[in-house]
Amino acid sequence: MRSTLVRGIFLSCTTVVAVLVPAQPASGVPSTPVSAACGEPLAAAEVSEIVALSDLGTLPSGPSLPRLETTAARLNRITEILAQHKDRRATFALGLDALEQVAVLPLQRRESEFDNPDYVHRLSIEVMGQFLRNLHGEFSGGPVEARWARHFELAHNCDLSLGHVTMAGYNAHFTVDMPHAVAAIGSQRANARDYFTVLGTISSNRYVIVDRTKAVFGDAVGPALEALAGDRIVRIGFSGSNAINFANGLALQSPFLRGLTEAQMNLVWRSIDTAVKTL
């Protein structure tokens, strides 16, 4: 019953067109102490490694495919460290990393699949970057945007369910990170085919999210992820959300539409944040 309710709210929220509410703040306050989030404490050297790996200012310049591969390798190593400690900040990272390794990277190495390979490389770099920049703030004591501050705050609360913590991360990713990534790389309507090619591959490989996360955190997180990755969500939710995110990413680039679009996204994020409390 609760899973059905959350799915319904998730799907209905992603169809919101425009509601005037205060826009999400650009950044929040530094997060809570970082040595542990309900798992075994990380060693100081591991915290330092995460801080270094999540610093996107040190990524190599040059062609976008090697840059993409470096970004994915950094995410993979960070996820490995967190998962080894059963740190709850890995609940979202595991799914993002699994999709990059199993679906996105293999596809993007076949550059003939795309009209503009550089575009899709930059899109994936920016999608990971939205998370990694905020993770860097979490571990370095720097700024963390509101949506990710919420996920990290919940990850430190050991009384909460794993499903609640996990879905807070996916909420941040789907409702806010994706359109911001589309906007950040200057997407245009001509990029739509390449965008949907990448997102279609992610949808068809969604099972890896469930498998990899349950392998670390067990069945406790299963119901939430199975609701996210279920066939109904893919048929109705993923395709609709992907289209809305692309449209929102285009709108964010317009000075006339940016404020209204941010307000819409903020409403969806907050609505889903309330819904996932039931998990």
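Up top you'll find the structure we're talking about.
What this report covers is the structure whose coordinates are included nearby. (Residues numbered from 1 in each chain as written. Predicted model: local features only at pLDDT ≥ 70, side-chain atom pairs only at ≥ 80, totals over all residues. Heavy atoms only, no water.)

Moving on, we come to unusual backbone geometry. The phi dihedral of Cys-38 is positive, around 70°, even though this residue is not glycine. With respect to the element layout, Cys-38 can be found in the loop between helix H1 (2–13) and helix H2 (44–53). Phi at Lys-86 takes a positive value of approximately 50°, unusual for a residue other than glycine. Locating Lys-86 in the fold gives a position in the loop between helix H3 (64–84) and helix H4 (90–108). A relative accessible area of 45% places Lys-86 in the partly exposed class. (Helix = DSSP H or I, 4+ residues; strand = E, 2+ residues; numbered from the N terminus. Buried < 20%, exposed > 50% of the residue type's maximum accessible area, 1.4 Å probe, protein only.)

Quick look at the packing of H2 against helix H5 (residues 117–140) now. Following both chains from N to C, one finds H2 and H5 inclined at 145°, their axes separated by 8 Å at the closest point. The two elements H2 and H5 cross, and the hand of that crossing is left-handed. Seen from H2, the contacting residues are Val-47, Ile-50 and Val-51; seen from H5, they are Leu-135, His-136, Phe-139 and Ser-140. Partitioning the contact of H2 with H5 into residue classes produces 5 nonpolar, 2 polar and no charged. (Axes fitted to C-alpha atoms, helices over the stretch in contact; angles between N-to-C directions. Left-handed = near helix turned anticlockwise from the far one by under 90°. Contact = heavy atoms within 4.5 Å. Nonpolar A, V, L, I, M, F, W, Y, C, P; charged D, E, K, R; others polar.)

Scanning all chains against the criterion turns up 4 cavities of 30 Å³ or more. If you trace the largest cavity, you find 17 residues lining it, with Leu-96, Val-127, His-173, Met-178 and Ile-202 closest to the centre. Among the secondary structure elements, those contributing two or more residues to the lining of the largest cavity are H4, H5, helix H7 (162–184) and helix H8 (192–204). When residues of the lining of the largest cavity are assigned to their parent elements, the largest contribution, 5 residues, is made by H4. Counted by class, the lining of the largest cavity contains 14 nonpolar, 2 polar and 1 charged residues. (1 Å grid on protein atoms, 1.4 Å probe; cavity = no way out; pocket = protein on both sides within 12 Å on 5 of 7 lines; lining within 4 Å. Points joined across faces, edges and corners; volume = space filled by probe spheres on them.)

Counting 60 residues, the largest nonpolar core has Ile-50, Leu-123, Phe-131, Phe-139 and Tyr-195 as the members making the most contacts within it. Those elements that place two or more of their residues in this core are H2, H3, H4, H5, helix H6 (146–155), H7, H8 and helix H9 (207–217). Every residue in contact with Tyr-195, bar those within four places of it in the chain, is listed here: Tyr-119, Leu-123, Met-178, Val-182, Asn-242, Asn-245 and Phe-246. Counting residues in each nonpolar core, the second largest holds 6 residues, with Ala-146, Ala-183, Met-265 and Trp-269 among its members. (Core = buried A, V, L, I, M, F, W, Y, C linked by side-chain atoms within 4.5 Å.)

This part takes up the side chain of Gln-108. Relative to the helices and strands, Gln-108 is located in helix H4. Using a relative accessible area of 0% as the deciding quantity, one classes Gln-108 as buried. Here His-121 takes part through its side chain, which lies 2.7 Å from a polar atom of the side chain of Gln-108. When near neighbours in sequence (up to four residues on either side) are disregarded, Gln-108 contacts Leu-65, Leu-68, Phe-114, Val-120, His-121, Ser-124 and Val-198. (Polar contact = N/O pair within 3.5 Å; in protein donor to acceptor, adjacent residues only side chain to side chain.)

Here we take up the packing of aromatic side chains. Scanning the entire structure with this criterion turns up 9 aromatic pairs. On the basis of an interplanar angle of 50° and a centroid distance of 6.1 Å, the ring pair of Phe-196 and Phe-246 is categorised as tilted. Pair noted here: Phe-196 is in helix H8 and Phe-246 is in helix H11 (residues 231–251), with a separation of 50 residues, a long-range link. Here Phe-196 falls in the partly exposed class, since its relative accessible area comes to 35%. Take Phe-246: its relative accessible area is 6%, and that puts it in the buried class. (Phe/Tyr/Trp six-rings, centres within 6.5 Å; stacked < 30°, edge-to-face > 60°.)

One pass over the structure, following the stated rule, counts 1 disulfide. Residue pairing for Cys-38: its cysteine sulfur links by disulfide to Cys-158, the two sulfurs lying 2.1 Å apart. What sets the handedness of the Cys-38 and Cys-158 disulfide is the S-S torsion sign, and at about -100° it is left-handed. Taken as a pair, Cys-38 in the loop between H1 and H2 and Cys-158 in the loop between H6 and H7 lie far apart in primary sequence, 120 residues in all. Overall, Cys-158 belongs to the partly exposed group, its relative accessible area being 48%. (Disulfide = S-S within 2.5 Å.)

Worth remembering: the numbers are spatial, not functional.
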